[in-house]
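Descriptive analysis of the structure
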Amino acid sequence: MRLLFRVLPAGLGLALAATTAQAQNAALDVRIAQLAVQEESKVIAWRRDIHEHPELGNQETRTAGIIAAHLKKLGLEVQTGVARTGVVGILRGGKPGPVVALRADMDGLPLTESNDLPFASKVKTTYLGQPVGVMHACGHDTHVAMLMGTAEVLSQVKADLPGTIKFIFQPAEEGSVPGTEGGAKLMVKEGVLTNPKVDAVFGVHIQAQTEVGNLSYRPGGEMASSDRFSITVHGKGSHGAYPWNSVDPVVTSAQIIMGLQTIVSREMKLTDDAAVVTVGTIHGGVRYNVIPPDVELTGTIRALNPSTQKQIWASIRRIATNIAESAGATADVSIEPYVPVTTNDPALTARMLPTLRAVAGTEHVREIKAVTGAEDFSFYQEQVPGVFLFVGGMRKGQEPATAADHHTAGFRIDESGLTLGVKTLATLAADYLSGSTR
């Protein structure tokens, strides 16, 4: 009995300590939620300013300047010029603990905005030699604003945070100008996940076809890999009136395009995973009555696992080469990997799911099917466990089919959804650092 009497108080002490820690974590999450609501007007103002002044990848100097000034004002350690225009802020909590990273992308797209918003972009530039508008047509302006708000929220509770938070503001998620390097891949290469070493990374993406107030996610492969391919068909030119004197690369290219369609429809087991092979450009010839000697095709490949990706690469090479040979032509095939599969670490996803449900409400958190869009957040996930989420940005009651898609001139977001993004990022960071499992 005396042995039991001695052990019991120790067990009770551990239980009381655990209960106290849970209460402290719960109180911190409540405080974070309150602060996120208070930040709403600031977050919306930042978003509108950045939306009105978009910048293309690796050119986000104005945006980076706004971010850096804000982080310095909050007292964070700030690094600028990371991967050309990226900004990193480091917030050290009041207690020792792990390191978590939160990421937002900053770049706009070469599109002319068609919205009638008072803060619609009027910016013009030249892209690949063509005059174009510049627009935040994917929501990166909201990502920046939400992470700026998250930094302000967490800086107000840093004394209670057991660990360190890295705020990564990344350029060029949409890709760099051909011939240049940028985005998450370059940030990783330049050491953004070290000094201090990051233990986990979280990111969110606004979703124009998901109603505000909702979060969606998928464990494992969530977004596709993305690769660029080019096929140059070499034939023999001739006068268009005498096609028998040619080895026609135009007709051969058409046959190759049709042959590529069989990769997904006849070679992929689509009940397991989706895949995409899309030809986006065809260039050949300069005159209607001349058969050119060469034609170039370019396109994109999307896959949801590396084995499918490699199978598609092999099939493109085989089909293009053999069809060209059957016509008496040749084909040069080039495949350039762009981003890997965005893969949410299953264990980390399961661990943080209670946090998502607590922040948004269980009925507003749903698991989704994988999508064939791509995200260079995957480069961070190759190095450390990471989770990437979607935050609803469509107005309540709207039919998703009527919402303008991402990467279109009419893309728009209901700003009432931004506060949930701030709450989500801040609470994910706090709960991860505290080890909370709710």
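The coordinates are above.
We now turn to the structure provided with this report.

**Looking at the packing of aromatic side chains**
What describes a pair of aromatic rings is the distance from one ring centre to the other and the angle between the planes of the rings. Evaluated as defined, the whole model comprises five aromatic pairs. Between F377 and F388 the ring centres are 4.9 Å apart and the planes differ by 35°, which places this aromatic pair in the tilted class. Linking F377 in the loop between strand 17 (365-367) and helix 9 (378-381) with F388 in strand 18 (residues 386-394), this pair joins segments that are eleven residues apart in sequence. A relative accessible area of 0% places F377 in the buried class. Ring plane angle 80° and centroid distance 6.0 Å describe the contact between F388 and F390, whose orientation is recorded as edge-to-face. Taken as a pair, F388 and F390 share a single burial class, namely buried. Of the aromatic side chains, those joined through ring pairs into one cluster are F377, Y380, F388 and F390. The ring of W313 is capped by K310, whose NZ or CZ atom sits 5.0 Å from the centre of that ring.

**Here we look at the pairing of strand 3 (residues 95-105)**
As paired elements, strand 3 and strand 6 (residues 162-170) share eight bridges and run parallel to each other. Following the sheet pairing, V99 is matched in strand 6 by T164.

**What about the sheet that holds strand 10 (residues 225-234)?**
The four strands are arranged 12-14-10-15 in an open sheet whose pairing can be described as antiparallel. The open sheet has two free edges, formed respectively by strand 12 (275-283) and strand 15 (330-339), since each of these has just one partner strand. Looking at each pair of strands side by side, their axes are set apart by 20° on average, direction ignored. Relative to strand 15, strand 10 is paired through nine bridges, and the arrangement is antiparallel. Looking at the pairing, D227 lines up with P337 of strand 15. Sheet contacts for helix 6 (residues 249-267): strand 10, strand 12 and strand 14 (294-303); angle to strand 12, the most-contacted strand, approximately 165°. Contacts from helix 7 (residues 306-326) reach strand 10, strand 12, strand 14 and strand 15, with the element oriented near 160° to strand 15.

**Looking at the environment of R48**
By the secondary structure assignment, R48 is in helix 2 (residues 40-52). On the basis of relative accessibility, which here comes to 36%, the residue R48 falls in the partly exposed class. Linking R48 and T142, residues 94 residues apart in sequence, is a C-alpha distance of 8.6 Å. The contact partners of R48, leaving out residues within four places of it in the chain, are F119 and E415.

**What to know about the pattern of salt bridges**
Between side chains of opposite charge, a pair can form as their charged atoms come close. Counting across every chain of the model gives 14 salt bridges. A salt bridge links R412 to D116, with the nearest nitrogen and oxygen atoms 3.9 Å apart. Linking R412 in the loop between strand 18 and helix 10 (418-434) with D116 in the loop between strand 3 and strand 4 (124-127), this pair joins segments that are 296 residues apart in sequence. What makes R412 partly exposed here is its relative accessible area of 42%. In this structure, K269 engages D272 in a salt bridge whose closest nitrogen and oxygen atoms are separated by 3.9 Å. Pair check on accessibility: K269 and D272 agree, each one exposed. Through salt bridges with shared partners, one network takes in R47, R48, D141 and E415.

Cut-offs and rules
Residues numbered from 1 in each chain as written. Predicted model: local features only at pLDDT ≥ 70, side-chain atom pairs only at ≥ 80, totals over all residues. Heavy atoms only, no water. Phe/Tyr/Trp six-rings, centres within 6.5 Å; stacked < 30°, edge-to-face > 60°. Helix = DSSP H or I, 4+ residues; strand = E, 2+ residues; numbered from the N terminus. Buried < 20%, exposed > 50% of the residue type's maximum accessible area, 1.4 Å probe, protein only. Lys NZ or Arg CZ within 6 Å of the ring centre and 35° of its normal. Pairing = 2+ DSSP bridges. Axes fitted to C-alpha atoms, helices over the stretch in contact; angles between N-to-C directions. Contact = heavy atoms within 4.5 Å. Salt bridge = Lys/Arg side-chain N within 4 Å of Asp/Glu carboxyl O.

Everything listed here is a matter of coordinates, which is why it stays silent on function.
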